[in-house]
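# Remarks on the overall topology
These are the residues of each chain, in order.
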Amino acid sequence: MRLGQYSSAGCKEINQDSFGAVIPESPDLELKGAVIALSDGVSSSQVSQIASETAVKSFLSDYYYTSGAWSVSHAAKQVLTSTNAWLYAQNQQGPYQYDVEKGYVCTFSALILKKQHAHIVHVGDSRIYHLRGGKVTVLTRDHRLYDEQKTSYLSRALGAGGQINIDHHHLALEENDIFILMTDGVSDYLNATLIQQLLDSHSDNLTHCANAFVQHALDSGSDDNLTVQVVVVDSVDDNDQHVLFDQPLPIPPILDINQEFDGYKIIRNIHSSSRSHVYLAVDLTTKQQIIIKTPSIELSHDDIYLERLMMEEWVAKRIHNPHVIEVPAINRPRHYWYTISKFIQGQTLAQWLLDHPQPSLSQIRDIVQQVAKGLMALHRSDILHQDLRPENIMIDETGTVTIIDLGAARVAGITEFEDDQVLGTAMFTAPEYFIGAGANENADLYSLAVLTYYMLSGRYPYGLSAAKARTLSAQHKLQYQTVVDPKRDIPLWLDATLKKALHPNPTKRYQVLSEFIYDLHHPNPVFLRNLNPPWIEKNPLKFWQGLCLLLAILLLISLLKPFN
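Conventions and cut-offs
- Just so you know, the residues in each chain are numbered from 1, in the order the chain's sequence is written.
- Residues qualify for local features only when their pLDDT is at least 70, as the model is predicted, and side-chain atom pairs are given and counted only at 80 or more; totals for whole chains, interfaces and linings, by contrast, use all residues.
- For side-chain calculations, the full set of non-hydrogen atoms in the structure is used, while hydrogens and water are omitted.
- By definition, any uninterrupted DSSP run of H or I lasting at least four residues is a helix, any uninterrupted run of E lasting at least two residues is a strand, and each is numbered from the N terminus.
- Buried means the residue's accessible area, taken with a 1.4 Å probe over protein chains only, is under 20% of the maximum for its type, while exposed means over 50%, and partly exposed covers the values in between.
- Throughout, a contact is declared for two residues whenever any of their heavy atoms are within 4.5 Å.
- A 1.4 Å probe and the Shrake-Rupley method give the accessible areas. Residues count as covered only by the protein chains that appear here.
- The positive count covers Lys and Arg only, the negative count covers Asp and Glu only, and His and the chain ends enter neither.
- For charged residues, the charge sits on one atom: NZ in Lys, CZ in Arg, CG in Asp, CD in Glu.
- We call two strands paired when DSSP finds no fewer than two bridges between them.
- All axes are obtained by fitting lines to C-alpha atoms, using only the stretch in contact for helices, and the reported angles, taken between N-to-C directions, cover 0 to 180 degrees.
- We call a set of buried Ala, Val, Leu, Ile, Met, Phe, Trp, Tyr and Cys residues a nonpolar core when their side-chain atoms join them within 4.5 Å.
- The split of the chain into domains comes from an automatic or database domain assignment.
- By definition in this entry, angles of less than 35 degrees are roughly parallel, angles greater than 145 are roughly antiparallel, angles of 65 to 115 are roughly perpendicular, and the rest are oblique.
- Handedness of each helix crossing follows the sense of rotation of the near helix against the far helix: counterclockwise by less than a right angle gives left-handed, clockwise gives right-handed.
- For this scheme, ten residues count as nonpolar: Ala, Val, Leu, Ile, Met, Phe, Trp, Tyr, Cys and Pro. Four count as charged, namely Asp, Glu, Lys and Arg, and the remainder, Gly too, count as polar.
- Here a polar contact is taken to be a pair of N or O atoms separated by no more than 3.5 Å, where protein atoms must pair a possible hydrogen donor with a possible acceptor and residues adjacent in sequence count only if both atoms sit in side chains.
- We count a salt bridge whenever a side-chain nitrogen from Lys or Arg sits within 4 Å of a carboxyl oxygen from Asp or Glu.
- Helix span is expected to be 1.5 Å times the residue number reduced by one.

The subject of this paragraph is the overall build of the chain. If you tally the helices and strands in the chain, you get 18 helices and 22 strands. Judged by the C-alpha coordinates and their principal axes, the chain covers about 120 × 75 × 40 Å. Evaluated residue by residue, the chain yields a buried proportion of 49% over its 564 residues. Across the chain, contacts joining residues at least 24 apart in sequence account for 66% of those joining residues at least 6 apart. For the chain, the exposed area adds up to about 26800 Å²; of that, 52% sits on carbon and sulfur atoms. Averaging the coordinates of the 45 positive side-chain charges in the chain and doing the same for the 62 negative ones gives two points 11 Å apart.

One open sheet holds the 3 strands; their spatial order is β18-β20-β21, and the pairing between them is antiparallel. On the outer flanks of this sheet lie β18 (346–348) and β21 (401–403), each paired with one strand and no other. Direction aside, the axes of adjacent strands within the sheet are offset by 25° on average. Two strands pair when backbone bridges link them, and β18 and strand β20 (residues 393–396) are joined in this way by 3 bridges, in the antiparallel orientation. Its bridge partner lying in β20, Thr348 is registered against Met394.

Let's shift gears to the nonpolar core. Side chains of nonpolar character tend, in soluble globular proteins, to be buried together. Counting residues in each nonpolar core, the largest one holds 116 residues, and the members touching the most others are Phe59, Leu448 and Phe516. With 10 residues, helix α11 (residues 441–457) is the single largest residue contributor to this core. Once you skip the residues sitting within four places of it in the chain, Phe59 turns out to touch Val35, Ala76, Val79, Leu80, Phe108, Ala110 and Ile112. In terms of nonpolar packing, the next biggest core, distinct from the first, is built from 21 residues, Ile180, Cys209, Phe213 and Leu226 among them.

A common way to state how big an interface is: give the accessible area lost once the parts meet. Segmenting the chain into domains produces domain 1 (2–233), domain 2 (259–342) and domain 3 (346–531). Spacing between the C-alpha centres of domain 1 and domain 3 amounts to 43 Å.

This part takes up the packing of helix α14 (residues 492–501) against helix α15 (residues 513–521). The interhelical angle for the contact between α14 and α15, taken along N-to-C directions, is 160°, at an axis separation of 9 Å. Between α14 and α15, the angle falls in the class roughly antiparallel. Handedness of the crossing formed by α14 with α15: left-handed. In contact with Trp493, Leu494, Thr497, Leu498, Lys500 and Ala501 of α14, α15 contributes Glu515, Phe516, Asp519, Leu520 and His521. Classifying every residue of the contact of α14 with α15 by side-chain character gives 6 nonpolar, 2 polar and 3 charged.

What follows covers the pairing of strand β14 (residues 264–272). As paired strands, strand β13 (residues 260–261) and β14 are joined by 2 bridges and run antiparallel to one another. Considered in β14, the bridge of Glu260 is made with Lys265. Between β13 and β14, which pair antiparallel and follow one another directly, the connecting turn spans 2 residues, one of which, Asp262, has a positive phi of 55°. Pairing analysis gives 7 bridges linking β14 to strand β15 (residues 276–283), with the strands arranged antiparallel. Bridge pairing links Tyr264 to Asp283 in β15.

Its location among the elements puts His277 in strand β15. The exposure class of His277 is buried, given its relative accessible area of 11%. Separated by 3.2 Å, the side chains of His277 and Ser272 make a polar contact. Filtering out sequence-adjacent residues up to four positions away, His277 remains in contact with Ile254, His271, Ser272, Ile292, Lys293, Thr294, Pro295 and Ser296.

With their axes 9 Å apart at the nearest point, α11 and α14 run at an angle of 145° to one another. As for the relative orientation of α11 and α14, their crossing is left-handed in sense. Within the contact between the two elements, α11 uses Leu445, Tyr446, Ala449, Thr452, Tyr453 and Leu456 and α14 uses Leu494, Leu498 and Ala501.

Moving on to the pattern of salt bridges. When their charged atoms lie close together, side chains carrying opposite charge are able to pair. All chains considered together, the criterion is met by 21 salt bridges. With its nearest N and O atoms 3.7 Å apart, the salt bridge here joins Asp167 to Arg141. Pair noted here: Asp167 is in strand β10 (residues 167–172) and Arg141 is in the loop between β7 (135–138) and β8 (144–146), with a separation of 26 residues, a long-range link. Owing to a relative accessible area of 17%, Asp167 belongs among the buried residues under this scheme. Residue Arg141 is classed as partly exposed on the basis of its relative accessible area, which comes to 48%. We note a salt bridge from Arg334 to Glu313, for which the minimum N-O separation is 2.8 Å. In this pair, Arg334 sits in the loop between α7 (303–318) and β17 (339–342) while Glu313 sits in helix α7, placing the two residues 21 residues apart along the sequence. Assigned by exposure class, Arg334 and Glu313 land together as buried. Three or more residues joined by partner-sharing salt bridges are found here, namely Asp125, Arg144 and Asp184.

Here the focus is the sheet that holds strand β4 (residues 108–114). Here 5 strands make up an open sheet; going across it, the order is β2-β3-β4-β5-β10 and the pairing antiparallel. Among the strands making up the open sheet, the edge pair consists of β2 (17–22) and β10. Adjacent strand axes in the sheet meet at a mean angle of 10° when their direction is disregarded. Of the pairings in the sheet, the one linking strand β5 (residues 117–123) to β10 comprises 6 bridges and is antiparallel in character. Opposite Ala118, over in β10, you have Leu171 as the bridge partner. Helix α3 (residues 72–93) contacts β4, β5 and β10 of the sheet and is inclined by roughly 150° relative to β4.

Turning to α11, a few remarks are in order. The end-to-end C-alpha distance of α11, which contains 17 residues, comes to 25 Å, matching closely the 24 Å that a straight helix rising 1.5 Å per residue would cover. The distance from a side-chain oxygen at the start of α11 to the backbone nitrogen of Asn442 is 3.1 Å, and the residue carrying that oxygen is Asn440. Looking at the residues trailing α11, positive phi occurs at Gly458, about 75°.

Here it is in structure tokens:
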């Protein structure tokens, strides 16, 4: 394929359009395809260029991190749903909450060419044209509404609402197919005849061709930003491989030791349950040891569970942090439904605690700080872990701590799963989950605080009561049990730090992880004052009684003075 692109601010000072393309080398070209995308900011906003740039950059990046088991349409929609949630959150948290058309809003259109098919993903009023055999066809629908004065406005755009309806369809590719993506600053000044004429005049240089489209619109009076991308398909892959664009993959059978499976050799079974099987395997090509996680055959028809399994791999690919599990790059198609992750030579925190039943305060702080760094990396991408516990944390031979098992992670905007479903382990789960309240980053902070408390004491801060408190009134009655133990040297101010982090009411906890971590290492002056309050606060009754006695004595002395 060949590509030409051109963009201009036109008569405006700022170009609010954004565009880009990724044409990967083999095998990524066969696995995920080539992506061409553009986005158009809305003229009523002074920040929509940020929205359009975010939409294009995040799509070109995150699409290639999605699972190879997902269809093109599903992968694209998941990425755009996440991007829409982020843009909408910026509007709701800023000055554009009630004036969204002035906020982070943009259109988005993308062409994905994979094997023998072209996939169209579209929101807004940019357009994608298709030319074949001299016929020009518009592949997208303008998402516009018109009022009585014939004034039009966008009916769909990224960032405009909490939910987004995304158009998608596909068509079979043929050699010499031509696709043209353009924003409305260009398409409003063209028709099928002009499109064909401009293509014929500049067929030898696609960049000049894109420029010619833009120049024609400017000469015709366009007062908007202008962007055009021209794609020519020179040849089409005619190999009929197993993984087609929308074909579901089968669930693998239970794997045996030394069995070769999809390019791997199984070394041993690490864990099996009613939901999944986890194996240690070696990649026969790279000789690298990896972890393979396969779904249970009994859950082969549970779409929500299978979706979560593949979401786990996508989340891991999006995060680049030494304290979050890594997914190795495998450049070949997969033929079954499973996930892979890096093998960590070490032990879980649960096993480490069995070997170190009374870890030192410095060891605990080091572990907690590394886990917090991993959580902060997840939170920066609007991801909640939701299942932080000793079994989901690995410590390698160098002491590096890594968060593993992202199966319960929640990606902002991805709403296929029930929000009030408790996915984590009850004893480490924040109380708001049990009453169906919305959770945010400090729900993970609560879990981290429980983990800290547990490493210090081997107990839970509310015993078994927190997991049983399923109403607000029950949660108000929860009594925090001090972590201070006469057998251990635990500062009182540290107990106060944990008490705040573990408050049942999320608004009364620390609001950022870094503040909690800082207070784990440094005595908070507020807590120190509370631990040693003035006498009037310790015993106000005796204070006022003593003051009254003193005043009475002084009064008596003053009355007796004249007699002296």
